[in-house]
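Chain and residue survey
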Amino acid sequence: MAKTQTTAAGPSVLVRTNDGIDADLRLRMYRSQVQIREAEQRANDLFLQNLVKGTSHLSLGQEAVAAGCAAAMQPGDLSFCTYRGHAHTLARGVAVEKVLGELMGRDNGLLRGKGGSMHLTSIEHGVMGSYAIIGAHLPIACGAAWRAQYKGDKDVSVCFFGDGTTNIGAFHEALNFAVIWKLPVVFVCENNLYMEYTPISEVTAVANPAADRASAYGLQPIMADGQDADAVYRTAKAAFDKARAGGGPSLLEFKTYRYSGHSRADPAKYRPAGELEHWKANRDPIKIYRQRALDSGISHAQLDEIEGSVKQEVDQATEKCKAAPPTSVDILCTDVYADGGWAWRN
Amino acid sequence: MAELTYRDAVARGIAQEMSRDSDVVFLGEDIAKAGGVFKATVGLLEQFGPLRVRDTPISEQAILGAAMGAAMTGLKPIAEIMFSDFIAVCFDYLANEFSKSRYMTNGQVKCPLVVRTGNGGGARFGAQHSQSVENWCMMIPGLKVVAPSTPLDVIGLLAASVRDPDPVIFFEHKSLYAVKGEVPDGEIVDTLGTAKIVRPGKDATILALAMMVPRALAAAERLKAEHGVDCEVIDVRSLVPLDTQTMLASVARTGRVFTVEENPRLCGWGAELVSIIADEAFYDLDGPPVRITTPHIPLPAADALEDLAIPSVQRITNTIQRSLSA
Ligand SMILES: Cc1ncc(C[n+]2csc(CCOP(=O)(O)OP(=O)(O)O)c2C)c(N)n1
Ligand SMILES: [Mg+2]
């Protein structure tokens, strides 16, 4: 069992360090973070070239949460994401081309342009949707977990959301519901310090928006460093194992930081001077993880090789998307109903 | 053949589907041990056990959200929202989530679920427990909307809704729960998107839904007896999918159309039906289409006021008689 300690920052959990994160897993988590970083940056570049329309919510700076959680999941486990969901979608193995194609409204997009940036979904990868109404997917994840419980399936439903989401009713309904039904669901709060443009501390009754609410639902307060993929992995793995074993839900809070504005429209002028620079210089998840990998005996060459191959992958995906035709207008009225069409009358 | 109340038909319909398919599960507030606040689900817990018939907390978002999550991963949940007025509290799921997920995901996400809810007035419950809100749901692409008026239709349309691969909202009328009707033995399965001519006639078509169907029928009898006017009454039954062919064919025969709607006036379901008829059957009409609705007010509680608000047999009769003789 993890021990809980209370620090000035609030409750946190100490996790054991000798729990078998081997070189292979470490390289996978490094690759995943670098891939998210490159793909998100590319999404931003393509937006500046007017090739990505609409909005996008990037996870630059938050890569470790997605990579660590996905690494701790098993095939068949289910991810429920928010509009800030590119990272989690990629982390479950969806191809960069599919994601960028969707952002660009191309026929090769993951949803052929019918969903867009905020609704990435790939059932075959266990990505059960990206939800753009704050809090909506927490009860939905409960329902998927209920199915697992009812059918005796061994998968865990993992639901990602932001700090701001802890102030909407659906968060509280879902937590209570998951606990009373003892569902195999894990709620993962990515506390990036801001709900949209407002510091979370200005609009929340407690210091740690998720962890400080846990006790209201009979749950342990669990917090970990969201900039350290190992810490994320260990914390997530413990919660997933517990859920899989029939031990019920957990609520995790990872402290992290987003480098870009909330969305494309946001220059993030509300940030205090120096805050972004501090996180980039001292708390960057990829820098931290590169050093961790080197300390554990992985070579510069191995890490450079990963970076090179990821860059190549993202470049190739970009070229494929640029060359892909815009999505076919033939699909405008398909898949409204199960018969494949949109007919509401005879 | 047995005589059954509309209330008991609900339980029989659910039981029929739960017996047939172990993926059908049922959740809601006070639906299991208590058998529902309208006693429409008595006996289901005893028959199917606590894993399939589950009481929930007062968490309408959790109820519909959980139904969706279960549906998209393989179950066929029936979720109860006690009073239809409460769908305003969880409207996100109806309006944004399970109605749109199939389209948004290019067909990947499937949500075969049924939301059952107690709809409509007549019980003196006041403005927050009496509304007819089927029109709130009719406007949502991706959602199907059903409202039966008889015990037989409750079973058949509920079965069709559970077996339907799309999300369906199933409006049970609270003031019909005690109404009795003949129901054959054995399995009953109907078809969504089919209106029913419940009284043939040649002088005018009356389109009605749920509790307005028995009132329209009573008005038609009065019009016949007192004025010699022979009205055709159509039970619309399903707003989405909508059986426009039955309605258009009827209007082509009668030349006049009246809607009888319990929802308040603006954007009531009849407005859409009348617009379709105006578009497609204009030259069949011998006079203006007329909508008989609840006025555009919140529903009052007092019996004298509520009776005045909701279309009555008297008001339906008078309106049609005046319009036909004008
Ligand atoms: C119900 C609802 N209210 C408001 C919004 C607009 N909105 C989109 S994202 C967001 C901020 C959410 O903050 P947080 O939960 O911390 O997630 P983050 O964006 O930081 O990842 C808001 C207010 C919305 N999408 N849904
Ligand atoms: Mg946030």
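What counts and what doesn't
- Residues numbered from 1 in each chain as written.
- Chains lettered and ligands numbered in written order.
- Predicted model: local features only at pLDDT ≥ 70, side-chain atom pairs only at ≥ 80, totals over all residues.
- Heavy atoms only, no water.
- pLDDT = per-residue confidence, 0-100.
- Donors = N, O, S within 2.8 Å, 3.2 Å for Na, K, Ca; no water.
- Helix = DSSP H or I, 4+ residues; strand = E, 2+ residues; numbered from the N terminus.
- Buried < 20%, exposed > 50% of the residue type's maximum accessible area, 1.4 Å probe, protein only.
- Core = buried A, V, L, I, M, F, W, Y, C linked by side-chain atoms within 4.5 Å.
- Domains from an automatic or database assignment.
- Contact = heavy atoms within 4.5 Å.
- Near = heavy atom within 4 Å.
- Polar contact = N/O pair within 3.5 Å; in protein donor to acceptor, adjacent residues only side chain to side chain.
- Nonpolar A, V, L, I, M, F, W, Y, C, P; charged D, E, K, R; others polar.
- Buried area = accessible area lost by both parts, 1.4 Å probe.
- Salt bridge = Lys/Arg side-chain N within 4 Å of Asp/Glu carboxyl O.

On to the confidence of the model for chain B. Residues at a pLDDT of 70 or more form 100% of chain B, whose mean pLDDT is 98. For this predicted complex, the interface confidence score (ipTM) comes to 0.98, while the overall pTM stands at 0.96.

Moving on, we come to the coordination of the magnesium ion (ligand 2). Residue and element names in this part refer to chain A. Protein coordination at the magnesium ion (ligand 2): the donors are Asp163 (OD), Asn192 (OD1) and Tyr194 (O), at 2.1 to 2.2 Å from the metal. Read in sequence order, the donor residues coordinating the magnesium ion (ligand 2) give the pattern D-x28-N-x1-Y. Taken together, the positions of aspartate 163 in the loop between strand S5 (157-162) and helix H6 (169-180) and tyrosine 194 in strand S7 (residues 194-195) put the pair 31 residues apart, joining distant regions of the chain. Here aspartate 163 matches tyrosine 194 in class, with each residue buried.

Core analysis: the largest hydrophobic core is formed by 142 residues, its most contacted members being A:Phe80, A:Phe187, B:Leu64 and B:Phe98. The element contributing the most residues to this core is helix H3 (residues 60-72) of chain B, with nine residues. A domain-level breakdown of this core finds at least three residues from each of domain 1 (2-183) and domain 2 (196-325) of chain B. Dropping the residues within four chain positions of it, B:Phe98 is found in contact with B:Leu64, B:Met68, B:Tyr93, B:Cys111, B:Leu113, B:Val115, B:Leu143 and B:Pro167. A:Leu100, A:Leu193, A:Ala293 and A:Val310 belong to the second-largest nonpolar core, a separate cluster that totals 67 residues.

With that out of the way, let us pick up the confidence of the model for chain A. When the pLDDT values of chain A are averaged, the result is 94; 95% of them are 70 or greater. When the criterion is pLDDT under 50, residues 1-18 of chain A qualifies, and its contacts beyond four places in sequence or with other chains add up to 32 contacts.

Attention now moves to the site of ligand 1. Residues and elements named next belong to chain A. Taken together, the neighbourhood of ligand 1 is formed by 15 residues, with Tyr83, Arg84, Gly164, Thr165 and Asn192 sitting nearest. Here an oxygen atom of ligand 1 and a side-chain polar atom of arginine 84 are 2.8 Å apart. Contacts to ligand 1 include glycine 164, whose backbone N or O atom sits 2.7 Å from an oxygen atom. Looking at side-chain class alone, the shell around ligand 1 contains seven nonpolar, five polar and three charged residues.

With that out of the way, let us pick up the domain arrangement of chain B. Quite often, the size of an interface is put as the accessible area lost when its parts meet. Residue and element names in this part refer to chain B. If you check the domain split of chain B, you get domain 1 (2-183) and domain 2 (196-325). Placing the centre of domain 1 and that of domain 2 at their C-alpha centroids yields a distance of 26 Å. Facing the 25 residues of domain 1 at the interface are 29 residues of domain 2. Between domain 1 and domain 2, the buried area comes to about 2100 Å², and carbon and sulfur atoms account for 58% of it. When the buried area of domain 1 at its contact with domain 2 is split by residue, Arg124, Asn135 and Met138 rank highest and sum to 29% of it. For the pair domain 1 and domain 2, the interface holds four salt bridges. Across the salt bridge formed by arginine 237 and aspartate 153, the nearest N and O atoms sit 3.1 Å from each other. For the side of domain 1 that touches domain 2, the secondary-structure elements that each account for two or more residues are helix H6 (134-138), strand S6 (144-146) and helix H7 (151-163). Grouping the amino acids of the side of domain 1 that touches domain 2 by side-chain chemistry returns ten nonpolar, eleven polar and four charged.

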